[in-house]
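For reference, the chains in residue letters:
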Amino acid sequence: MATSTSQSSVVSEQILNELATQFMEMVPIRKMKWRSLSFGSEQVGPDVQKKVLSLTIQSPICQRFPPSLSYRKFFMKQLLHKLEDCDAEVCDEVYESYAELLQLREEEDDTLCYKTYTLPSGQTISLQESVLLISQGTTGLSTWEAAEHLAEWSCENSHLFKNRRVLELGCGLGLTGITLCRECSVQSYTFTDCHSQVLYLLSKNIECNFQKHRNVSSTNEQKNTCNSVNSEKDINIMRRIRRQISLTAETLSPDQEMEVSDISLTALTPTDSLRESIEEELSKELADLHLSCKKWEKEETGILGRLKTDDRIAVARLNWESKDSLLLEKWKSDIILAADVVYDKSVLPGLISILKKLLSMDLGNGEKPTAYIASTIRNEDTRDQFFIMMNKEDLSYELIDPPTKGFFHYEKIIPLEILKVVMGNPK
Ligand SMILES: C[S@@+](CC[C@H](N)C(=O)[O-])C[C@H]1O[C@@H](n2cnc3c(N)ncnc32)[C@H](O)[C@@H]1O
């Protein structure tokens, strides 16, 4: 009897942890698995309810890296519904926590939030992301499913990355790369993107996740100290990024926000003069790769910075259309990664051109680099076009097996795939 009780409490602990990881990742509430609360009411007594709170809303991670306020409110509202649905007696702490949240006012520019991703080792990665999928005419201010898929696959195939130099194209906010740097013993990892605000937030995310003492359990830690937003200039930049995203939000219909079948950037051309002026100021401010000199060592080119606390890690501004082959030669890498970069036909010529340059490089031992590209197949035409263009340029590709053990919680209704790409005929 004693064994069965302890077994059932272990199971429920796992289920509660599962609920908490979904909350931290900001899985849409209606898609969350609420299994823990669909049992009988005796299973969701006050202890379980308090445990849910302590693992979610009241957890140290949530205090320090909070999901958006509207998400937290919605989560609590749904929790109350679930408890009522199974006739559980709702404990005071649940009502109090919800009431406290309701009192918090959403700021007009509350457009950045934290998503915390849990790795199989139990380690977490907290990223500051836009609450919108597309903002500032870029898709790079949020993490896409393909980045999670590629990170999962990389962890399962970590032997491929051991002591390897990896370069990521269109890295966005850094989930794939940060996961690899944590789990795959890479020799070096160069995160690249072309968008100033993406690069800025990426650098903050990297700083935050590679701080020497990232102790989230410290309760007297001041909220958001890990923002790495420590100078007056940083505070201003961050405020303007938030403001600019909020202005984008005002021009999007709710449908645009939710449904992204083929991401088109042209639909989001700024029309509003305020938005244009903020954008102009920001792009002036972030024209150079804007990296905190306390935390990053900048190369003389000004477009690559290396993290001082972990010199395997570099961030670089790299536009696929760049003609500077000499620069690429300097950043020669064994493995090229990219997630969700085949999202629109207009980006394909640049992407093919950079892949060709990078994959043609001689690694010195007769070997050539290999690329792994993860995509969400939103549009068959775009995918076919990519294949046709690769064939034309003598890039060979093969579909590789997907990860078998997923640990992130992303939408898999739209199929995802990973391609291995090499120059010429594969050996
Ligand atoms: C859909 S997002 C994917 C971001 C990230 N890899 C992920 O999956 O979460 C596409 C990324 O490609 C970048 N990108 C688009 N065109 C680019 C170009 N010409 N040069 C470099 N990066 C580009 C964007 O800035 C954006 O970060």
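Everything discussed here concerns the structure shown above.
Residues numbered from 1 in each chain as written. Predicted model: local features only at pLDDT ≥ 70, side-chain atom pairs only at ≥ 80, totals over all residues.

Helices and strands together make up the secondary structure of the protein, namely 14 helices and eleven strands. A burial count over the protein gives 38% of its 427 residues as buried. In the protein, the share of contacts with a sequence separation of at least 24, taken over all contacts with a separation of at least 6, comes to 73%. (Helix = DSSP H or I, 4+ residues; strand = E, 2+ residues; numbered from the N terminus. Buried ≥ 20, exposed ≤ 12 C-beta atoms within 10 Å, placed from the backbone. Contact = placed C-beta atoms within 7 Å.)

Our next topic: the site of the ligand. Neighbouring residues of the ligand: 24 residues in total, closest Gly140, Ala147, Gly170, Gly172 and Cys194. A per-class count over the shell around the ligand returns twelve nonpolar, nine polar and three charged. (Near = placed C-beta within 6 Å. Nonpolar A, V, L, I, M, F, W, Y, C, P; charged D, E, K, R; others polar.)

All right, on to the nonpolar core then. Soluble, globular proteins show a tendency: their nonpolar side chains are buried together. Among the nonpolar cores identified, the biggest contains 93 residues, and Leu150, Leu202 and Ile373 are the most heavily contacted of them. When residues of this core are assigned to domains, at least three map to each of domain 1 (2-103) and domain 2 (112-220 + 227-423). When neighbours within four sequence positions are excluded, Leu150 is seen to be in contact with Thr176, Leu337, Ala339, Tyr372, Ala374 and Ile418. (Core = buried A, V, L, I, M, F, W, Y, C linked by C-beta atoms within 7 Å. Domains from an automatic or database assignment.)

This next bit is on the pairing of strand S7 (residues 313-317). Among the five residues in S7, five count as buried, and that is most of the element. Burial of the side chains of S7 extends over both faces: Ile313, Val315 and Arg317 are buried on one face and Ala314 and Ala316 on the other. Summarising the sheet, strand S4 (residues 188-193) and S7 pair through five bridges and their orientation is parallel. Bridging across to S7, Tyr189 finds its partner in Ile313. Where strand S6 (residues 304-307) lies against S7, three bridges are found, and the strand directions are antiparallel. Residue pairing for S7: Gly305 is matched across the bridge by Val315. Once S6 ends, the chain turns through five residues before running back antiparallel as S7. (Pairing = 2+ DSSP bridges.)

Here we take up the sheet that holds strand S11 (residues 416-423). Taken in spatial order, the nine strands line up as S5-S6-S7-S4-S3-S8-S9-S11-S10 in an open sheet, and their pairing is mixed. If you trace the sheet from one side to the other, it starts and ends with strand S5 (296-298) and strand S10 (395-400), each paired once. The average angle at which neighbouring strand axes cross in this sheet is 25°, direction not considered. (Axes fitted to C-alpha atoms, helices over the stretch in contact; angles between N-to-C directions.)

A word on the environment of Val52. Its location among the elements puts Val52 in helix H2 (residues 46-55). Residue classification places Val52 among the buried residues on the basis of 26 C-beta atoms within 10 Å. Along the chain, Val52 and Glu13 lie 39 residues apart, while their C-alpha atoms are 9.7 Å from each other. Residues contacting Val52, with those up to four places away along its chain left out, are Leu16, Leu19 and Leu79.

Here we take up the environment of Asn391. On the secondary structure map, Asn391 appears in helix H14 (residues 380-392). In sequence terms Asn391 and Gly424 are 33 residues apart; their C-alpha atoms lie 9.5 Å from each other.

Our next topic: helix H5 (residues 92-103). Over its twelve residues, H5 extends 17 Å from the first C-alpha to the last, a length consistent with the 16 Å expected when each residue adds 1.5 Å. Within H5, the full set of buried residues consists of Val94, Ser97 and Tyr98. Burial along H5 is one-sided: seen end-on, the buried residues are contained in an arc of 95°. Pointing more than 90 degrees away from the buried face of H5 are the exposed residues Asp92, Tyr95, Glu96, Ala99, Glu100 and Gln103. (Expected span 1.5 Å × (residues − 1). Arc of directions from axis to C-beta.)

With that out of the way, let us pick up the environment of Leu351. Position of Leu351 among the secondary structure elements: in helix H13 (residues 348-360). Residue classification places Leu351 among the buried residues on the basis of 21 C-beta atoms within 10 Å. Taking the C-alpha atoms as reference, Leu351 lies 10.0 Å from Met390; in sequence the two are 39 residues apart. Here Leu351 is in contact with Trp320 and Val341, once residues within four sequence places are set aside.

Glancing now at unusual backbone geometry. Residue Asn163 is not a glycine yet carries a positive backbone phi of 60°. Assignment of secondary structure puts Asn163 in the loop between helix H6 (145-156) and strand S3 (165-169). A positive phi angle, close to 45°, is found at Ser185, a residue other than glycine. When you line up the elements, Ser185 lands in the loop between helix H7 (175-183) and S4. On the basis of neighbour count, Ser185 is assigned to the partly exposed category, with 14 C-beta atoms found within 10 Å.

Between its terminal C-alpha atoms H6 stretches 17 Å, which fits the 16 Å expected from twelve residues at 1.5 Å a residue. Residues of H6 that are buried include every one of Ala146, Ala147, Glu148, His149, Leu150, Ala151, Glu152, Trp153, Ser154 and Cys155, and no others. In this structure, the buried residues of H6 make contact with H7, strand S8 (335-339), strand S9 (370-376) and S11.

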